[in-house]
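Chain by chain, the residues run as shown.
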Amino acid sequence: MAEVVGAAGLSTVVAVTIWQVAAIVRAKILAPREGRYQELAESTAAVQERTDLQLREITLVLEDMRGRLASLERILKEVE
């Protein structure tokens, strides 16, 4: 009976050890990929911020152009 309990305990220790080694190997394999994903996310955030700034600038220019167009329309109506 003691041999069965000992074998079961040893089997459990071996299984847990294999599981832990596999987890460590998996983490080492995935770490570089996670780093690349992090770099990609940071790059995407920077591009998005630049795009947002450009969109704000374009909006300001468009608002100015609308004002000028409205003034030009008023002037043309007065001339007619």
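Computed from a prediction, not measured in an experiment: that's the story for all the values here. In every chain, residue numbers begin from 1 and rise along the written sequence. Totals for whole chains, interfaces and linings use all residues, but because this is a predicted model, local features are given only for residues with pLDDT of at least 70 and pairs of side-chain atoms are given and counted only at 80 or more. Hydrogens are left out, water is left out, and the side-chain values use all remaining heavy atoms of the structure.

Undergrad: Please clarify how the overall build of the chain should be interpreted in this entry.
TA: Strands are runs of DSSP state E lasting at least 2 residues, helices are runs of H or I lasting at least 4, and numbering of each runs from the N terminus. The secondary structure content of the chain amounts to one helix and zero strands. Since a compact globule built from 80 residues should have a radius of gyration of about 12 Å, the 34 Å found for the chain marks it as more spread out than a globular shape. Taking the principal axes of the C-alpha coordinates as reference, the chain spans close to 110 × 20 × 10 Å. For the chain, the proportion of its 80 residues judged to be buried stands at 0%. With an accessible surface of roughly 7500 Å², the chain has 66% of that area assigned to carbon and sulfur atoms. Charge counting treats Lys and Arg as positive and Asp and Glu as negative, with His and both chain ends excluded. We put the charge of a Lys on NZ, of an Arg on CZ, of an Asp on CG and of a Glu on CD. Considering the chain, the positive charge centre built from 10 side chains and the negative charge centre built from 12 side chains are found 5 Å apart. Throughout, radius of gyration means the C-alpha value; the globule benchmark is 2.2 Å times the number of residues raised to the power 0.38. Burial status follows relative accessibility: with a 1.4 Å probe on protein chains alone, a residue under 20% of its type maximum counts as buried, one over 50% as exposed, and anything between as partly exposed. What sets the accessible areas is the Shrake-Rupley method with a 1.4 Å probe; for residues, cover comes only from the shown protein chains.

Undergrad: Would you mind showing me how to read the pattern of salt bridges here?
TA: Side chains bearing opposite charge may pair, as long as their charged atoms lie close to each other. Any carboxyl oxygen of Asp or Glu within 4 Å of a side-chain nitrogen of Lys or Arg constitutes a salt bridge here. Counted by the stated rule, this structure contains two salt bridges. As a salt-bridge pair, Arg68 and Asp64 come within 3.0 Å of each other at their nearest N and O atoms. Separated by four residues within a single helix, Arg68 and Asp64 lie in helix α1 (residues 2-79), roughly one turn from each other. Residue Arg68 is classed as exposed on the basis of its relative accessible area, which comes to 58%.

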